[in-house]
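Inside the fold
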Amino acid sequence: MGRVYNFSAGPAMLPEPVLERARGELLNWCGTGMSVMEMSHRGKSFMSIAEKAEADLRKLMRIGAGYRILFLQGGASSQFAMVPMNCLRGKSSADYFNTGAWSKKAIAEARRFCDVNIVATSEESGFTTVPDKETWQLDPEAAYVHYTPNETIGGVEFDEIPDTGCVPLVADMSSTILSRPIDVSRFGVIYAGAQKNIGPAGLTIVIIREDLIGETLAGTPAMFDYRLHAENGSMYNTPPTFSWYFAGLVFEWLLEQGGLESMAEINRRKAEKLYQAIDASSFYSNPVEVKYRSWMNVPFTLADAELDSRFLELAEQEGLHTLKGHRSVGGMRASIYNAMPEAGVDALIAFMQEFERVHG
Ligand SMILES: *Cc1c(COP(=O)(O)O)cnc(C)c1O
C-alpha cells in the first residue's frame, strides 16, 4: 500500500518531504559516518543540529530574547505537573480554564500542588464552546492562568488570547502550536508535546519567559526543574536526540513553505471547507459553536451512529485512515494539522459526500 491520508490526532502525519530527507540522512548524517540516532548529544554534530532547530523555531514563532526554549521529554502530561512546580513561586493558587478533556487533566494534576480556581468552565455544555468573557473569574493574585487554546478531543478553540493583565499566561499548545502566527510575548509559558504538529513523539517543547524560571517548589525533582534544563541547554541528561533533529527538519520545511503566515492561510482554508461540507449536509454534524471551532481537530457525527463502522471501513479503503472519534465523544474526528495536505481534506470531503449519497 502507498502512503495514506492519516487523520490521527497524534502521533499524526509528518510532512512527506521531511520523511524523505530524514531517510536520505538516516545512515550517514552529513558525512559523519553515523546516524543522528547514534551520535553523542554533546558532540559537535549534534550541537549544530540542536542549535539550528532552536534558531529556526525562534524565527518561525518570532520568539524574543527574553524567552528560553527547552527541548524536554515526558510529554505535555509532564508539563501539567512541571508548570505548578515551577510557576507557583511562593503563591498558593492558580487560575485554570476548563474547556475540555485536556484542561481537566491539567487541573487534576495542578490540584496536587495548589488551590485551583476555575476561571470558567464549559462542562455543562458538553465542552462545545468557550465560556463568555463576561463570566470569567480571574483572580489577580493567582500565580498564573492556565488554558488549553485548542482542545484536541472536543475540537474547541479559543478565538483570542485571554487578557490576564500582569498574571503570567500558561498555554498547553500541543495541538495548535505552529498552525498560525501567535504573539509569544503575551505568554509566560507555552508548552507542547511534539507528536501533533511538531515532529515525532518523545519531544516536548517548552517556551518560557526567563523571569519565570528558578523558583521551584521545595522537593521538586531535578528533572522537573526548568532552571536545571535551561542552564544546561536542555542537555542536563540525554535529550530525545532524534526527535529534536526531526523537529528541526520540520521547522526548516515550515520556513520553506513561507512560515506560519502561509500555514495559517492553508489551515484556515482546509478547516473552512471541511466545516462547510459538514454544515451543508443534513447527514453530518459538528456540535461546536461556530466561533470556537478548531482549525486542527474536526469532530463530526453521522445522522445514524449504526453507520459509523461502515463509514470507517469504506474510508480506509479510500486511503483515509484513523477517522474514528475519541471514545468520549463518539462519531468521527479528522485531525488536519500542518502536514495534512489540502488534497487529503478534499479527498475526505469527496468521500463523505459519496457516502451520504449512498447511505444517507
Ligand atoms: C495530546 C495532548 C496532550 C498529551 O500529550 P502527551 O505528550 O501525550 O503527554 C496534552 N494536551 C493536549 C492539548 C493534547 O492535545
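Here we summarise the structure given alongside this text.

1. Thoughts on the sheet that holds strand 9 (residues 189-193)
- Sheet architecture is open: 7 strands sit in the order 2-10-9-8-5-3-4, paired in mixed fashion. Each edge of the open sheet carries a strand with a single partner, namely strand 2 (67-72) and strand 4 (115-121). Averaged over all pairs of adjacent strands, the angle between strand axes in this sheet comes to 20°, irrespective of strand direction.
- Of the strands in this sheet, strand 2, strand 3 (93-98), strand 8 (169-172), strand 9 and strand 10 (204-209) are in contact with helix 3 (residues 75-87), which crosses strand 9 at around 155°.

2. Some remarks on the environment of Leu-228
- Following the sequence through the fold, Leu-228 ends up in helix 5 (residues 226-231).
- Between the C-alpha atoms of Leu-228 and Ile-213, which are 15 residues apart in sequence, the distance is 9.3 Å.
- Residues contacting Leu-228, with those up to four places away along its chain left out, are Ala-222 and Tyr-236.

3. Digging into the site of the ligand
- The local shell around the ligand holds 13 residues, among which Ser-77, Thr-152, Asp-172, Gln-195 and Lys-196 are the closest.
- Between an oxygen atom of the ligand and a side-chain N or O atom of Gln-195, the distance comes to 3.0 Å.
- With respect to the ligand, the side chain of Lys-196 contributes an N or O atom lying 2.7 Å from an oxygen atom.
- Contact with the protein chains removes 87% of the 390 Å² of surface that the ligand exposes when unbound.
- The element best represented in the shell around the ligand is helix 3, accounting for 4 residues.
- Here the shell around the ligand is composed, by residue class, of 3 nonpolar, 8 polar and 2 charged.

4. Thoughts on empty space enclosed by the protein
- With the rule as written, the count across this model stands at 3 cavities of 30 Å³ or more.
- Counted as a void, the largest cavity has a volume near 80 Å³.
- If you trace the largest cavity, you find 14 residues lining it, with Met-13, Pro-15, Asn-197, Ile-198 and Ala-339 closest to the centre.
- Classifying every residue of the lining of the largest cavity by side-chain character gives 9 nonpolar, 4 polar and 1 charged.
- The computed volume of the second largest cavity comes to approximately 50 Å³.
- Lining the second largest cavity, in full, are Phe-71, Leu-72, Gln-73, Met-223, His-229, Ser-234, Asn-237, Thr-238, Pro-239 and Pro-240.

5. Notes on the pairing of strand 9
- Taken across its 5 residues, strand 9 has 5 buried, putting it largely inside the fold.
- Residues Val-189, Tyr-191 and Gly-193 of strand 9 are buried on one face, and the alternating residues Ile-190 and Ala-192, pointing to the opposite face, are buried as well.
- Where strand 8 meets strand 9, 3 bridges bridge the pair, whose relative direction is parallel. From the neighbouring strand, Ala-171 faces strand 9, where its bridge partner is Ile-190.
- Examined bridge by bridge, strand 9 and strand 10 share 5 bridges and lie antiparallel to one another.

Definitions and cut-offs
Residues numbered from 1 in each chain as written. Predicted model: local features only at pLDDT ≥ 70, side-chain atom pairs only at ≥ 80, totals over all residues. Heavy atoms only, no water. Pairing = 2+ DSSP bridges. Helix = DSSP H or I, 4+ residues; strand = E, 2+ residues; numbered from the N terminus. Axes fitted to C-alpha atoms, helices over the stretch in contact; angles between N-to-C directions. Contact = heavy atoms within 4.5 Å. Near = heavy atom within 4 Å. Polar contact = N/O pair within 3.5 Å; in protein donor to acceptor, adjacent residues only side chain to side chain. Areas by Shrake-Rupley, 256 points an atom, 1.4 Å probe, with all protein chains shown as cover. Nonpolar A, V, L, I, M, F, W, Y, C, P; charged D, E, K, R; others polar. 1 Å grid on protein atoms, 1.4 Å probe; cavity = no way out; pocket = protein on both sides within 12 Å on 5 of 7 lines; lining within 4 Å. Points joined across faces, edges and corners; volume = space filled by probe spheres on them. Buried < 20%, exposed > 50% of the residue type's maximum accessible area, 1.4 Å probe, protein only.

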